[in-house]
Amino acid sequence: MGKDIQNESLIIVSEIMTSVDPIIKKLIEKKFEKQEEFIPGKSVISLIKPSFGPDEILESLDSLLTTNVTMGIKVKKFEKLFSKYLKSNFASMVNSGSSANLVALSALTNPEFSQKLKKQSEVITPAVTWATTVFPINNVNLKPKFVDIDLENFCMKTDDLDDAVSSNTSLLLPVHLLGNVCDMSKIKEVSTKKDLLIMEDCCEAHGAEFKGQKVGTIGDIASFSFFLSHHITTIEGGMVVTNNESLYELSKAIRAFGWIRDLKHKDELTKKYPKVDPRFMFTNTGYNLRPTEIQGAFGIHQIKKLDKFIKIRNENRRYCTKRFLQYEDYFIITKEDPRTKSVDFCYPLTIKKKSPFSRESLLKYLQKKKIETRPIMSGNFLEQPAIKYISHAKHGKLDNSKLAMKNSFFFGNHHEIGRKECEYVVDVIAQFIERKLWKK
Ligand SMILES: Cc1ncc(COP(=O)(O)O)c(C=O)c1O
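Fair warning: this is a prediction, and the values are worked out from it, not measured in the lab.

## With respect to the side chain of Thr 242
Along the polypeptide, Thr 242 turns up in strand β9 (residues 238–242). Judged by its relative accessible area of 2%, Thr 242 falls in the buried class. Of note is the side chain of Thr 242, whose polar atom sits 2.7 Å from the backbone oxygen of Asp 220.

Take a look at the structure:
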């Protein structure tokens, strides 16, 4: 009887979907079909443009109508598609990139992980990153040790990485910032030599590669973010990726209360604890960081678009860089390491110390010309007020991080920015420089 009602309800949903589908699809397609025409000086060069459309909306609507809205088959399908895309063994979706970092670090420090990181040991990570690369390190009782960045890719400097490692270091946590790729050869070399684990923060680097291998599959565990402004989006969302089955099993438990429901060995655990109802059995510690099925619905369509989006971002960057090279006296320009494939989260620039203009004056000018800008994430995290709450260490003077805090910025580079928009931005910056030089 129950099954009949369920089937009937599914038939109704299917009928609704087939009858509303063409109407809604048409309306939604109409809304999304036209990209606004770019008018120089009038249109805003935005930092982000949401990348979802009819496919994601209809898929979400289907989840709402079936009332299957909590983590289920669509999340699972997206996890499979994402790990296939990266060529990684396992992926578990969570509700944000920050949660992915928390879950990954919690797994690495979990008592059930055979290579569990020692309490209060050091995690080497760049001083320029996002706040929630840093906070979860303290949350799991580890200590960030900040190293400097390279201003040509905003990733952690690796030339003196050996020296940054102490006898109390347990983890290297490179961040592939702004879609650029860290020197994973050097990071692997140091990790092997000093017996350290590697966690990659790939929250800004979906699809980026080092020597043909996708980032997120090179270290022991990795995190991704699908926030609205990232290469692909699930509105909010994140993913923990690993080739290590033990870390995968722990990630699934930590993501959902520490319960056994999603675990491979749940039957064995059920037998081991016969007095506990397996439906509510908790064998580890955990949180509730699960995504919803709507996020899965977005993901399964977004992943198909990722390579197309990356291609647009790469083309934009190549064009801008070619033109900005004539202004190398004034700017440090990002350079792509030939061993890597960058995926261009945005277009960053650093004003050189000797330039005849300040970041403030340039950004004011850009704002007047309707070009949106932002600083490079947290800048030098040691200059953020929140650092007072973070037990930490640092290696070296962090001069580049300090300069990034003061003189770097980025403007938008995304799937809806093209040649005309890039031309406009470079022209405006060129115009600004000419004026400054002329006034001198
Ligand atoms: C490098 C990095 N790590 C972590 C995060 C956190 O991701 P989320 O915003 O999805 O929590 C971000 C967010 O942009 C990020 O850029």
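## Re the site of the ligand
Taken together, the neighbourhood of the ligand is formed by 14 residues, with Gly 97, Ser 98, Asp 201, Glu 204 and Ser 225 sitting nearest. Contact between the ligand and Asp 201: a nitrogen atom at 2.8 Å from a side-chain N or O atom of the residue. A distance of 2.7 Å separates an oxygen atom of the ligand from a polar side-chain atom of Ser 225. Within the complex, the protein chains bury 92% of what would otherwise be the 390 Å² of accessible surface of the ligand. The cavity that encloses the ligand is the second largest pocket. Mapped by element, the contributors of at least two residues to the shell around the ligand are α4 (97–108) and α5 (131–139). Per element, the largest residue contribution to the shell around the ligand is three residues, and it comes from α4. When its residues are assigned to classes, the shell around the ligand shows three nonpolar, nine polar and two charged.

## Some details on the sheet that holds strand β7 (residues 213–214)
Here three strands make up an open sheet; going across it, the order is β7-β6-β11 and the pairing antiparallel. At either margin of the open sheet sits one strand with a lone partner, and together these are β7 and β11 (340–341). Where strand β6 (residues 209–210) lies against β11, two bridges are found, and the strand directions are antiparallel. Note that in β11 the partner of Phe 210 across the bridge is Thr 340.

What counts, and at which threshold
Residues numbered from 1 in each chain as written. Predicted model: local features only at pLDDT ≥ 70, side-chain atom pairs only at ≥ 80, totals over all residues. Heavy atoms only, no water. Helix = DSSP H or I, 4+ residues; strand = E, 2+ residues; numbered from the N terminus. Buried < 20%, exposed > 50% of the residue type's maximum accessible area, 1.4 Å probe, protein only. Polar contact = N/O pair within 3.5 Å; in protein donor to acceptor, adjacent residues only side chain to side chain. Near = heavy atom within 4 Å. Areas by Shrake-Rupley, 256 points an atom, 1.4 Å probe, with all protein chains shown as cover. 1 Å grid on protein atoms, 1.4 Å probe; cavity = no way out; pocket = protein on both sides within 12 Å on 5 of 7 lines; lining within 4 Å. Sits in = over half its atoms within 2 Å of the grid points. Nonpolar A, V, L, I, M, F, W, Y, C, P; charged D, E, K, R; others polar. Pairing = 2+ DSSP bridges.

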